[in-house]
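Residue-level structure breakdown
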Amino acid sequence: MKILESVMERVIKRDPNEPEFHQAVKEVLESLEPVAEKNPEWVKAGIFDRIVEPERQISFRVSWVDDNGNVQVNRGYRIQFNSAIGPYKGGIRLHPSVNASILKFLGFEQILKNSLTGLPMGGGKGGSDFDPKGKSDGEVMRFCQSFMTELERHIGENTDVPAGDMGTGAREIGYMYGQYRRLRNDFTGVLTGKGLTWGGSLARTEATGYGLCYFMDEALKAKGKSFKGATVVISGSGNVAIYATEKVHQLGGKVVALSDSNGYIYDPEGIKLETVKKIKEVERKRISEYIKYHPNAKYTEGCSDIWTIKCDIALPCATQNDIDENSANMLVKNGCYAVGEGANMPSTPEAIDVFIKNKVIFAPSKAANAGGVATSALEMSQNSMRYSWTFEEVDAKLKDIMVNIYKAASTAAKEYGYEDNLVVGANIAGFLKVADAMYAQGITY
Ligand code: NDP
Ligand code: 2IT
């Protein structure tokens, strides 16, 4: 029997109703089998059993009053997963689908992702089932203030540093930071993704999408390909999708499709990003509005068919399990030769198998989208120094980090006999550093 199968069995037995968490853990444990064989002392020290159990998991009531004077109740969470190599670090997701399983999968992934950046951050994630869509600014503010009133006691610049994720952008970070500062009477970098006039870093807004493209650029280069002249399909039209589109265009590719949870737009002449920014960042409207400005583009209701559009490179930047086996087969059939995950876990395990079997260049999320959290770490450094770097300085560091992550993942894959398999490579490279730190620090958590 494989060494780590029993670890997986215990995870399922302990929390049988957490499918997303099981999915993330299973992939990692399968990759780590050769590491367990090579390091029996880690098995003996319970490293594998310990890393799949959060150090701390907080859930709390968030009450707030809506514009009609009605009391609303949501549930807030913070999963403090692993702090062996630094303070817990990870975003806050505000989406009606949020539950313990989704936040545990995200928190678990974040441990290895943060390790891959080479910067000193542990893994965590938080959020709430609050849906910011359709809420007024006042409602969002009252929710964020109530959420932070409880979260405040659990976080700190050296303890746990939250940031944005789905549904949490500059507006939400602002309201949360304001409440934190008021409660603590303390101006510290306790959240990242802050505004530029109050401690934010240049290039953090762009970082995840840009970083994804820097990573893909490196992976493509290794196979004699590039974005130049490539047709690209991107799902989502939020923070990650918008700045991935911007960078693809700068690198000479053409993005022809974007989506939201209602449907997708196809513009064969290339997406006009200024229109998307206006619709999404300024007006907070639906992607379907795009065709009012560009009547040659086409809008289709429903999202999954976006993967039937013929493309060279696919960048899923919306949400988890966005590409299933059928969509993966369709992409391959249409000649897609590279997939880069901007979202967290957007490909199902079956879809990943299709990509690997067909030798598609496949960049897994924990490596490919690490540019966001890496730049959050750069924001933390600038806050500690009470200093700020220029856009060009931050962007150059981001690029360096993404190239290094690609090298670390591809080298680990080769070393362990899985050449070109960046899934295995990223899991191993991210894990080794955390395991070493946990082992050295003894059996604590
Ligand atoms: P946003 O909230 O800015 O955007 C999310 C986008 O995905 C929206 O366009 C949303 O559409 C769309 N979407 C959500 N659910 C679905 C669905 N079921 N089908 C199709 N589209 C959907 O979030 P981000 O761009 O920040 O995050 C996107 C992904 O990237 C997430 O997986 C996140 O965890 C990950 N990520 C984000 C980082 C960051 O720095 N922001 C860093 C690393 C990863 P709608 O408006 O209709 O909901
Ligand atoms: O999934 C992620 O890496 C993020 N949402 C970014 C986290 C961060 O702390 O910047």
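Everything here concerns the structure above.
Here's a quick rundown of the structure. (Residues numbered from 1 in each chain as written. Chains lettered and ligands numbered in written order. Predicted model: local features only at pLDDT ≥ 70, side-chain atom pairs only at ≥ 80, totals over all residues. Heavy atoms only, no water.)

Concerning the sheet that holds strand 2 (residues 71–82)
As a reminder, the rule being used: Pairs of strands are assigned from DSSP output, requiring at least two bridges between the strands. Helix numbering and strand numbering both begin at the N terminus, where a helix is a DSSP run of H or I of at least 4 residues and a strand a DSSP run of E of at least 2. With axes taken as lines fitted to C-alpha atoms, and helix axes fitted only over the stretch in contact, angles between N-to-C directions fall between 0 and 180 degrees.
One open sheet accounts for 5 strands, arranged 1-2-4-3-5; its pairing is mixed. One side of each edge strand has no neighbouring strand; the edge strands of this open sheet are strand 1 (56–65) and strand 5 (160–163). Neighbour to neighbour, the strand axes of the sheet diverge by 20° on average, direction disregarded. Pairing geometry for strand 3 (residues 88–94) and strand 5, over 4 bridges, is parallel. Paired with Gly91 across the two strands is Ala163, which belongs to strand 5.

Observations concerning the site of ligand 2
Here is the rule: Residues are labelled near a given molecule or strand when at least one of their non-hydrogen atoms is within 4 Å of it. A 3.5 Å cut-off defines polar contacts: any pair of N or O atoms within that distance qualifies, except that in protein one atom must be a possible hydrogen donor and the other a possible acceptor, and neighbouring residues in sequence count only when both atoms are side-chain atoms. Areas reported here follow the Shrake-Rupley algorithm with a probe of radius 1.4 Å; residue values treat only the protein chains shown as occluding.
Ligand 2 sits among 14 residues. The nearest are Lys89, Gln110, Lys113, Asp165 and Ser376. In the environment of ligand 2, a nitrogen atom lies 3.1 Å from a nitrogen or oxygen atom belonging to the backbone of Gly164. The separation between an oxygen atom of ligand 2 and a polar side-chain atom of Asn344 is 3.0 Å. Compared with its free state, where it exposes 300 Å², ligand 2 has 94% of that area covered by protein. Contributions of two or more residues to the shell around ligand 2 are made by strand 3, helix 5 (100–116) and helix 15 (371–385).

Topic: the packing of aromatic side chains
What counts is decided by this rule: Two aromatic rings from Phe, Tyr or Trp, using only the six-membered ring of Trp, form a pair when their centres are within 6.5 Å; if the ring planes differ by under 30 degrees the pair is stacked, by over 60 it is edge-to-face, and anything between is tilted. In this scheme, a residue with accessible area under 20% of its type's maximum is buried, one over 50% is exposed, and one in between is partly exposed, where area comes from a 1.4 Å probe on protein chains only.
By the definition in use, this model includes 14 aromatic pairs. Ring geometry for Phe21 and Phe81: centres 6.0 Å apart, planes at 40°, overall tilted. Of this pair, Phe21 sits in helix 2 (residues 19–38) while Phe81 sits in strand 2, and the two are 60 residues apart along the sequence. The two residues Phe21 and Phe81 agree in class, both being buried. Judged by centre distance (5.8 Å) and plane angle (80°), the ring pair of Trp42 and Phe431 falls under edge-to-face. Separated by 389 residues along the polypeptide, Trp42 in helix 3 (residues 40–44) and Phe431 in helix 17 (residues 422–440) bring together distant segments of the chain.

Topic: a negative patch on the surface
Inclusion rule: By definition, no residue in a patch forms a salt bridge, and every one has over 30% relative accessible area; like charges are joined within 9 Å, nonpolar side chains (Val, Leu, Ile, Met, Phe, Trp, Tyr) within 5 Å. For this document, the term salt bridge refers to a Lys or Arg side-chain nitrogen within 4 Å of an Asp or Glu carboxyl oxygen. When charges are counted, Lys and Arg are positive and Asp and Glu negative, with His and the chain ends excluded. For the purpose of locating charges, the reference atoms are NZ of Lys, CZ of Arg, CG of Asp and CD of Glu.
Together, Asp324, Glu325, Glu350 and Asp353 make up a negatively charged patch on the protein surface. One can find Asp353 in helix 13 (residues 349–357).

A look at the pattern of salt bridges
A side chain of one charge can pair with a side chain of the opposite charge when the charged atoms of the two come close. This model, assessed by the stated rule, comprises 26 salt bridges. One salt bridge in this structure joins Arg14 and Glu53, with 3.4 Å as the shortest N-O distance. On the criterion of sequence distance, the pair formed by Arg14 in helix 1 (residues 5–14) and Glu53 in the loop between helix 4 (47–51) and strand 1 is long-range, its members being 39 residues apart. Taking relative accessible area as the criterion, Arg14 reaches 54% and is therefore assigned exposed. For Glu53, a relative accessible area of 31% gives the class partly exposed. A salt bridge links Glu109 to Lys366, with the shortest nitrogen-to-oxygen separation between them at 3.3 Å. One end of the pair, Glu109, is in helix 5; the other, Lys366, is in helix 14 (residues 365–368), with 257 residues separating them in the sequence. With respect to burial, Glu109 and Lys366 carry one shared label: buried. Salt bridges here are not isolated pairs; linked through shared partners, they connect Asp15, Glu18 and Lys104.

Here's the deal with the site of ligand 1
Going by this rule: When residues are sorted by character, Ala, Val, Leu, Ile, Met, Phe, Trp, Tyr, Cys and Pro go into the nonpolar class, Asp, Glu, Lys and Arg into the charged class, and all the rest, Gly among them, into the polar class.
Around ligand 1 sit 25 residues in total, of which Asp165, Thr208, Ser261, Arg286 and Asn344 are the nearest. One nitrogen or oxygen atom from the side chain of Arg204 is found 3.0 Å from an oxygen atom belonging to ligand 1. The contact in question runs from an oxygen atom of ligand 1 to an N or O atom on the backbone of Gly238, over 3.5 Å. Calculation on ligand 1 without its partners gives an accessible area of 890 Å², and the protein chains cover 84% of this total. Among the residues forming the shell around ligand 1, the class breakdown is 6 nonpolar, 12 polar and 7 charged.

So, unusual backbone geometry
Despite not being glycine, Ala203 has its phi angle at roughly 75°, a positive value. Among the secondary structure elements, Ala203 is positioned in the loop between helix 7 (170–184) and helix 8 (204–222).

Details of the state of the cysteines
To keep things clear, this is the line we draw: A pair of sulfur atoms, both from cysteines and within 2.5 Å, is called a disulfide here.
Following the criterion strictly, the structure yields 0 disulfides and no others. Its sulfur unpaired, Cys317 is 7.8 Å from the next cysteine sulfur, which belongs to Cys213. Just so you know, Cys336 is unpaired, no disulfide at all, and the nearest cysteine sulfur is the one on Cys311, 4.5 Å from it.

Description of helix 10 (residues 273–282)
To keep things clear, this is the line we draw: Residues are treated as being in contact if the distance between any of their heavy atoms lies within 4.5 Å.
Those residues of helix 10 not exposed but buried are Leu273, Thr275, Val276, Lys277, Ile279 and Lys280. Its buried side turned inward, helix 10 meets helix 9 (239–250), strand 7 (254–259) and helix 11 (290–293). Directly after helix 10, the chain includes Arg284, whose backbone phi takes a positive value near 55°.

Overview of helix 6 (residues 137–151)
Condition: Take the residue count of a helix, subtract one, and multiply by 1.5 Å to get its expected span.
Taking 1.5 Å per residue, 15 residues should reach 21 Å; helix 6 reaches 21 Å between its end C-alpha atoms and fits that length. The set of residues buried in helix 6 consists of Glu139, Val140, Phe143, Cys144, Ser146, Phe147, Met148 and Leu151. As for helix 6, its buried residues are in contact with strand 1, strand 2, strand 3, strand 4 (123–128), strand 5 and helix 7.

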